[in-house]
Number of protein chains: 2
Amino acid sequence: MPVHKVIVDVLLKPEILDPQGQAVANALPSLGFAAPVSVRIGKHVEVEVDTDTPDDALQQVGKMAEVLLANPVIEDFRVRLA
Amino acid sequence: MPVHKVIVDVLLKPEILDPQGQAVANALPSLGFAAPVSVRIGKHVEVEVDTDTPDDALQQVGKMAEVLLANPVIEDFRVRLA
């Protein structure tokens, strides 16, 4: 079967505080950058799977994201083909 | 000035071992998934900046990625408009 690469981007939900992003936002002015409006930091996951079709790959990795890659209580995720 | 959202995806270089991705790859079969070909895990950063044009935003966030968001010794990054 052909190998398909699927990308999962996981981000904290907008209403959840993101201390890591806040730390980066606070550090940027001291490095000479204009203060950003916002910085949010999440996970970028690239999964290669053996499936018949790209749609099968999307569906399979979508389930992996629900079960293992994201915490649906506090995180949103987006799945797309690379 | 208008606010532009720029996305930075940071991944370990292909030749660098990714233990977090390896751990996920090893966990998937015990959750009922077929073993994936590979899993690589990096950072997904969304930065909103005030700039005149989208191109200015891309350039500014590209510099932030070089200086603060990625470690160019072991990581690659891609910058794109949201």
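Preceding this paragraph is the structure being described.
### As for the pattern of salt bridges
Then comes step 1: A complete count under the given rule lists 8 salt bridges over all chains for this structure.
Then comes step 2: Its salt-bridge partner being Asp9 of chain A, residue Arg80 of chain A comes within 3.4 Å of it at the nearest N-O pair. With Arg80 of chain A in strand 3 (residues 75-81) and Asp9 of chain A in strand 1 (residues 3-12), the pair connects residues that are 71 residues apart, well separated along the chain.
Then comes step 3: Across the pair Glu46 of chain B and Arg78 of chain A runs a salt bridge whose closest N-O atoms are separated by 3.0 Å. With Glu46 of chain B in strand 2 (residues 38-50) and Arg78 of chain A in strand 3, this pair bridges two chains.
Then comes step 4: Taken together, the shared-partner salt bridges connect Asp9 and Arg80 of chain A together with Asp9 and Arg80 of chain B into one network.

### As for the side chain of Lys13 of chain B
Then comes step 1: Mapping Lys13 of chain B onto the fold places it in the loop between strand 1 (3-12) and helix 1 (19-27).
Then comes step 2: Among all residues touching Lys13 of chain B, those that are not within four sequence positions of it are Arg40, Pro72, Val73, Ile74, Glu75 and Asp76 of chain B.

### Observations concerning helix 2 (residues 54-69) of chain B
Then comes step 1: Taking 1.5 Å per residue, 16 residues should reach 22 Å; helix 2 of chain B reaches only 20 Å between its end C-alpha atoms and comes up short.
Then comes step 2: Within the sequence span of helix 2 of chain B, burial applies to Ala57, Gln60, Val61, Gly62, Met64, Ala65 and Leu69 of chain B.
Then comes step 3: Contacts made by the buried residues of helix 2 of chain B are with helix 1 (19-27) of chain A together with strand 1, strand 2 and strand 3 (75-81) of chain B.

### As for the relation of the copies chain B and chain A
Then comes step 1: Once turned by 180° and shifted 0.0 Å along the axis, chain B lies on chain A with an RMSD of 0.0 Å. In short, the pair behaves as if placed about a two-fold rotation axis.
Then comes step 2: Mapped onto chain A, 100% of the interface residues of chain B again fall at the interface, so both copies present the same surface.

Definitions and limits used
Residues numbered from 1 in each chain as written. Chains lettered and ligands numbered in written order. Predicted model: local features only at pLDDT ≥ 70, side-chain atom pairs only at ≥ 80, totals over all residues. Heavy atoms only, no water. Salt bridge = Lys/Arg side-chain N within 4 Å of Asp/Glu carboxyl O. Helix = DSSP H or I, 4+ residues; strand = E, 2+ residues; numbered from the N terminus. Contact = heavy atoms within 4.5 Å. Expected span 1.5 Å × (residues − 1). Buried < 20%, exposed > 50% of the residue type's maximum accessible area, 1.4 Å probe, protein only. Least-squares fit on C-alpha atoms with pLDDT ≥ 70 in both.

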